[in-house]
Amino acid sequence: MFLALFLAVSLYARSEVEAINLSLESLQSEETLMDTAAMDPTLERYRSSVLPLYRRYLATRGDFARIEAKFVEAGIPRFFALIPYSESKFNSSSRGYTTAGLWQFTKRSARNFGLKVTKGNDERLDPDRSTEAAIRYILSLKKEFGSWYLADFAYAMGEGKLKKLIAHNNSKKISVLFKDPHFPSGAKAHFAKTLLLDAKIHFSEEDSSVQ
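Rules behind the numbers
- Residues numbered from 1 in each chain as written.
- Predicted model: local features only at pLDDT ≥ 70, side-chain atom pairs only at ≥ 80, totals over all residues.
- Heavy atoms only, no water.
- Helix = DSSP H or I, 4+ residues; strand = E, 2+ residues; numbered from the N terminus.
- Buried < 20%, exposed > 50% of the residue type's maximum accessible area, 1.4 Å probe, protein only.
- Contact = heavy atoms within 4.5 Å.
- Lys, Arg positive; Asp, Glu negative; His and termini not counted.
- Charge placed at Lys NZ, Arg CZ, Asp CG, Glu CD.
- pLDDT = per-residue confidence, 0-100.

### Examining the overall build of the chain
Reasoning step 1: Helix and strand counts for the chain stand at twelve helices and two strands.
Reasoning step 2: Overall, the chain shows an N-to-C arrangement of helices and strands of α-α-α-α-α-α-β-β-α-α-α-α-α-α.
Reasoning step 3: Oriented by its inertia axes, the alpha-carbon framework of the chain measures out at about 60 × 45 × 30 Å.
Reasoning step 4: The buried share of the chain, taken over its 211 residues, is 47%.
Reasoning step 5: Looking at the chain alone, contacts between residues at least 24 apart form 60% of all its contacts between residues at least 6 apart.
Reasoning step 6: In the chain, 30 side chains carry a positive charge and 25 a negative one; their mean positions are 8 Å apart.

### Examining the confidence of the model for the chain
Reasoning step 1: Considering every residue of the chain, the mean pLDDT works out to 91; 90% of them sit at 70 or more.
Reasoning step 2: Counting interchain partners and residues more than four positions distant, the pLDDT-below-50 stretch residues 1-7 has three contacts.
Reasoning step 3: Of the regions scoring below 50 in pLDDT, residues 207-211 engages in seven contacts with residues more than four places distant in sequence or in other chains.

Put into structure tokens, the structure is as follows:
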């Protein structure tokens with residue numbers, strides 16, 4: 001236990017460790033950073049990406065505040081309102097290979113949660129409509145998997161993939177699932193970036209001004 005604590009504190013300042021733990025707690029994780037050593041390499045890998053994302057947050061705080069208010073009203077942790085920064089750099093016109101918008105919905109997921117996706121009207125690109133769909137989707141994932149952190153895993157990798165990982169490991173713990181080589185690297189990146197950004201914005205006691 002002492003070694004795990006030493007490694008955690010050596011990677012992060014103590015206040016940063018506490019902020020990350022508070023973010024994990026908000027997601028209903030019973031584990032702290034000290035318990036999730038398997039997550040450390042991923043967090044360290046993406047730690048340097050947080051400052052650019054934080055700068056983007058500062059540049060878009062007005063639009064973000066409107067989105068965050070919708071999540072608070074729906075009873076969803078504020079962590080989830082930050083997903084657009086890790087998924088699309090908070091760019092509503094962003095397009096991936098099969099995804100689009102702030103929330104990077106696929107066409108199928110968008111339609112499943114009430115968005116119109118046609119040649120002349122792609123509501124994935126509408127910040128308000130897509131945010132409302134994201135809230136419906138995240139609430140459905142929370143109902144299906146039982147905890148907020150698992151809802152985020154499912155959002156990032158898909159429900160079917162997460163179900164297989166849980167069944168294969170016979171566990172829902174972050175410390176166990178992150179060790180599985182079949183945990184998608186993209187889902188790890190998504191969770192790490194959003195967790196670190198959430199810790200910095202919502203739980204850090206340090207001066208959050210950009211250096």
